[in-house]
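Chain by chain, the residues run as shown.
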Amino acid sequence: MIWRAEMLDQLDLYWEHHLMPRLAGLTDDEYLWEPVPDCWTVRTDEDGRAVFDWQEPVPEPPPVTTIAWRLTHVALQVLGTRTSAHFGDGSLTMETAPLPVTAEDGVTALREQYHAWRKGVISLDDTTLQRPIGDAEGKWGERPMATLVLHVNREVMHHGAEIALLRDLYRAHAS
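Notes on the structure follow. Because the structure is predicted, anything quoted here is derived from the model rather than measured.

Concerning the pattern of salt bridges
Right, so step 1: Counting across every chain of the model gives nine salt bridges.
Right, so step 2: A salt bridge links Asp 168 to Arg 22; the shortest N-O distance between them is 2.6 Å. A residue pair is termed long-range when its members are at least 10 positions apart, and Asp 168 in helix H6 (residues 145-174) and Arg 22 in helix H1 (residues 3-23) qualify at 146 residues.
Right, so step 3: Asp 168 gets classed as partly exposed once you look at its relative accessible area, which sits at 26%.
Right, so step 4: Take Arg 22: its relative accessible area is 31%, and that puts it in the partly exposed class.
Right, so step 5: We note a salt bridge from Glu 30 to Arg 167, for which the minimum N-O separation is 2.9 Å. With a gap of 137 residues between them, Glu 30 in helix H2 (residues 28-32) and Arg 167 in helix H6 connect regions that are remote in the sequence.

A few points about the environment of Val 149
Right, so step 1: Mapped onto the elements of the fold, Val 149 is located in helix H6.
Right, so step 2: By relative accessible area, which is 1% here, Val 149 ends up buried.
Right, so step 3: Counting along the chain gives 139 residues from Val 149 to Gln 10, while the straight-line C-alpha distance between them is 11 Å.

Concerning unusual backbone geometry
Right, so step 1: Omega for the bond connecting Glu 56 with Pro 57 falls within 30 degrees of zero, at -10 degrees, which places this linkage in the cis form.
Right, so step 2: Along the chain, Pro 57 falls in the loop between strand E2 (50-52) and helix H3 (67-87).
Right, so step 3: Of note, the amide linkage connecting Glu 60 to Pro 61 takes the cis form, showing an omega dihedral of 0 degrees.
Right, so step 4: As for its position among the elements, Pro 61 is in the loop between E2 and H3.
Right, so step 5: Residues other than glycine seldom take positive phi values, yet Asp 38 does so here, at roughly 65 degrees.
Right, so step 6: Among the secondary structure elements, Asp 38 is positioned in the loop between H2 and strand E1 (42-44).
Right, so step 7: Overall, the relative accessible area of 68% leaves Asp 38 in the exposed class.

Brief notes about the side chain of Thr 41
Right, so step 1: Within the fold, Thr 41 resides in the loop between H2 and E1.
Right, so step 2: By relative accessible area, which is 2% here, Thr 41 ends up buried.
Right, so step 3: Of the polar contacts made by the side chain of Thr 41, one reaches the side chain of Thr 66; its length is 2.8 Å.
Right, so step 4: Filtering out sequence-adjacent residues up to four positions away, Thr 41 remains in contact with Leu 32, Glu 34, Val 51, Phe 52, Asp 53, Thr 66, Ala 68 and Trp 69.

Re the side chain of Arg 82
Right, so step 1: Tracing the chain through its elements places Arg 82 in helix H3.
Right, so step 2: Ignoring sequence-local partners within four residues, the contact set of Arg 82 consists of Gln 77, Phe 87, Trp 117, Glu 137, Leu 148, His 151 and Val 152.

What counts and how
- Residues numbered from 1 in each chain as written.
- Predicted model: local features only at pLDDT ≥ 70, side-chain atom pairs only at ≥ 80, totals over all residues.
- Heavy atoms only, no water.
- Salt bridge = Lys/Arg side-chain N within 4 Å of Asp/Glu carboxyl O.
- Helix = DSSP H or I, 4+ residues; strand = E, 2+ residues; numbered from the N terminus.
- Buried < 20%, exposed > 50% of the residue type's maximum accessible area, 1.4 Å probe, protein only.
- Polar contact = N/O pair within 3.5 Å; in protein donor to acceptor, adjacent residues only side chain to side chain.
- Contact = heavy atoms within 4.5 Å.

Structure representation (structure tokens):
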């Protein structure tokens with residue numbers, strides 16, 4: 001068994017049959033819809049710059065988030081910065097990444113970062129999947145790279161399901 005192939009098959013199945021079909025037709029109104037007050041989202045500030053709502057430590061309980069926030073989180077924090085750190089030059093961070101403020105830009109960023117992550121994972125073999133992740137993941141640094149790949153799969157599926165639910169709630173709310 002080639003574990004890399006199994007990990008990619010899991011992510012690809014979710015991507016092709018669940019997440020991407022549920023993102024078809026996403027509108028800007030849905031993307032930015034705030035189902036409750038004080039949601040975390042991606043917003044444009046008074047200077048026209050895109051801002052990703054975030055706070056360390058994350059409040060308890062964490063705020064409800066918009067589809068824009070979830071899509072940006074998956075595209076940039078889950079996939080993009082990790083692809084850059086582990087398979088690139090490390091230059092993409094939440095401070096340097098262009099934040100998507102429209103649904104089209106959000107889905108495009110997600111698609112681009114997914115394909116870049118996938119290309120990086122394809123480059124791994126069983127030996128590199130067993131090596132420590134390294135400093136880019138902080139406290140996880142000593143864990144094997146396979147742990148990170150599985151975590152990314154879980155994050156994409158978890159947040160993708162939340163995005164699908166938010167779309168369902170938006171549709172029910174708009175009816």
